Amino acid sequence: MSTAARPEISLAPAQGWHCAHYFYRWDRARLGGLNETALAEGQRQFAAALDPQAEGSPVRLQTFVVSGHKADFGLLALDPDPLKISGLHQRLLAGRLGIAIQATWSFTSMTEISEYLPTVEQYSERLAAEGHAVDSEPSRSQIIAYQRRLEMMRRQRLEPDLPIWPAICFYPMNKRRQSGANWFLLDFAERQRLMAEHGETGMKFSGRVTQLVTGAAGLDDWEWGVTLWARNPQFLKEIVYRMRFDEASARYADFGPFYAGYLRTPSEILAHCRVPPDANRLD
């Protein structure tokens, strides 16, 4: 039997990266039980474990404080090796502060290219359907420009550069399977039409909000995870509200818990969360 068609055995995806979102809460009682030496060493270990430039760190890593009481802080990590991401989580809990860190929730997924992202051929067909002569110079220029954008979009979806805009929001979602609203029984053309409408709404927030959609089917309890970054938290509220009116969301989407927060370095997280506690601080 030929082995030429057998896939390589590997933890790394054939394309793209593993992705994980982790959320944590401080146990104040246990934190208060640590002595000054343990707290100082714990702070050092905490900052070292979450340093995106440290040796052995995932290829992408962001940390943030979380609004509300679902969690105190969170992190987003991406890497071809899922054990490198998991190792980051374990190092955090194994440090001197680990006894006071409670893991509250996590989401495991992978980067992916949406099947609804038009190919160059589909883009050309769309131009023709709109009445453009695809062999004309203007159309050829448009097609070449789209091909360049497509290459950038594919790379950004699979191996994304994470923006440093201050406001961040994450939520998981599913597509419905209800009678009369079963996404997976729609034909591809209809699903593509609905997602194109959804994308047009999102494009209205270009320059204010950017997103990363990762796939979790078979990896977690939800099918997709959506991470949004915004120049201002108000834009997060506005884009989610506006996109709820698109049929792809209004008829076919279910959403899980929302976690909103603000990008902060590990040291800034400790300061914001009063670790160690400082009874004299009033700010």
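Nothing here was measured: the structure is a model prediction, and the numbers come from that model.

How should I be thinking about helix α5 (residues 137-158) in this particular structure?
Residue pairs spaced three or four apart in an α-helix point in one direction, given the helix's 3.6 residues per turn. Between its first and last C-alpha, α5 extends 32 Å over 22 residues, near the 32 Å set by a 1.5 Å rise per residue. Among the residues of α5, those classed as buried are Ser139, Ile143, Tyr146, Leu150 and Leu158. When α5 is viewed along its axis, its buried side chains cluster within an angular range of 80 degrees and face the same direction. Exposed side chains of α5 directed beyond 90 degrees from the buried face belong to Pro138, Arg148, Glu151 and Met152.

Honestly, the packing of aromatic side chains in this entry has me stumped. Any pointers?
Aromatic rings considered in pairs are described by the distance between their centres and by the relative angle of their planes. For the structure on display, the rule yields 20 aromatic pairs. Ring geometry for Tyr241 against Phe245: centres 5.1 Å apart, planes inclined by 80 degrees, an arrangement best described as edge-to-face. Through a chain of ring-to-ring contacts, three or more aromatic side chains come together here, namely Phe23, Phe64, Trp105, Phe107, Phe170 and Tyr259. Over the ring of Phe235 we find Arg208; its NZ or CZ atom is 5.3 Å from the centre of that ring.

Help me understand helix α6 (residues 188-203) in this model?
An ideal rise of 1.5 Å per residue puts 22 Å on 16 residues; α6 measures up with 22 Å between its terminal C-alpha atoms. Among the residues of α6, Arg191, Gln192, Leu194, His198, Thr201 and Gly202 are the ones counted as buried.

Where do I start with the confidence of the model for the chain in this structure?
Any segment with low pLDDT has predicted coordinates that should not be analysed in fine detail. Looking at the chain as a whole, the pLDDT averages 92, with 96% of positions reaching at least 70. Confidence drops under pLDDT 50 across residues 279-283; counting only partners more than four residues distant or on other chains, this segment forms three contacts.

Would you take a moment to explain the nonpolar core for this structure?
Soluble globular proteins tend to bury their nonpolar side chains together. Counting 26 residues, the largest nonpolar core has Trp26, Phe46, Leu75, Leu92 and Leu97 as the members making the most contacts within it. Among the secondary structure elements, those contributing two or more residues to this core are β1 (18-26), α2 (36-49), β2 (60-66), β3 (73-79), α3 (82-94) and α9 (266-272). With residues up to four places along the chain from it excluded, the contact list for Leu75 reads Ala20, His21, Tyr22, Tyr24, Leu50, Leu61, Gln62, Thr63, Phe64, Leu88 and Leu92. Counting 18 residues, the second-largest nonpolar core is a separate cluster that includes Trp17, Cys19, Ala216 and Tyr259.

Looking at this model, I keep getting lost on the environment of Ala48. Mind explaining?
Here Ala48 shows up in helix α2. The partly exposed category is assigned to Ala48, whose relative accessible area is 41%. Residues Ala48 and Tyr171 lie 123 residues apart in sequence; the distance between their C-alpha atoms is 28 Å.

Rules behind the numbers
Residues numbered from 1 in each chain as written. Predicted model: local features only at pLDDT ≥ 70, side-chain atom pairs only at ≥ 80, totals over all residues. Heavy atoms only, no water. Helix = DSSP H or I, 4+ residues; strand = E, 2+ residues; numbered from the N terminus. Expected span 1.5 Å × (residues − 1). Buried < 20%, exposed > 50% of the residue type's maximum accessible area, 1.4 Å probe, protein only. Arc of directions from axis to C-beta. Phe/Tyr/Trp six-rings, centres within 6.5 Å; stacked < 30°, edge-to-face > 60°. Lys NZ or Arg CZ within 6 Å of the ring centre and 35° of its normal. pLDDT = per-residue confidence, 0-100. Contact = heavy atoms within 4.5 Å. Core = buried A, V, L, I, M, F, W, Y, C linked by side-chain atoms within 4.5 Å.

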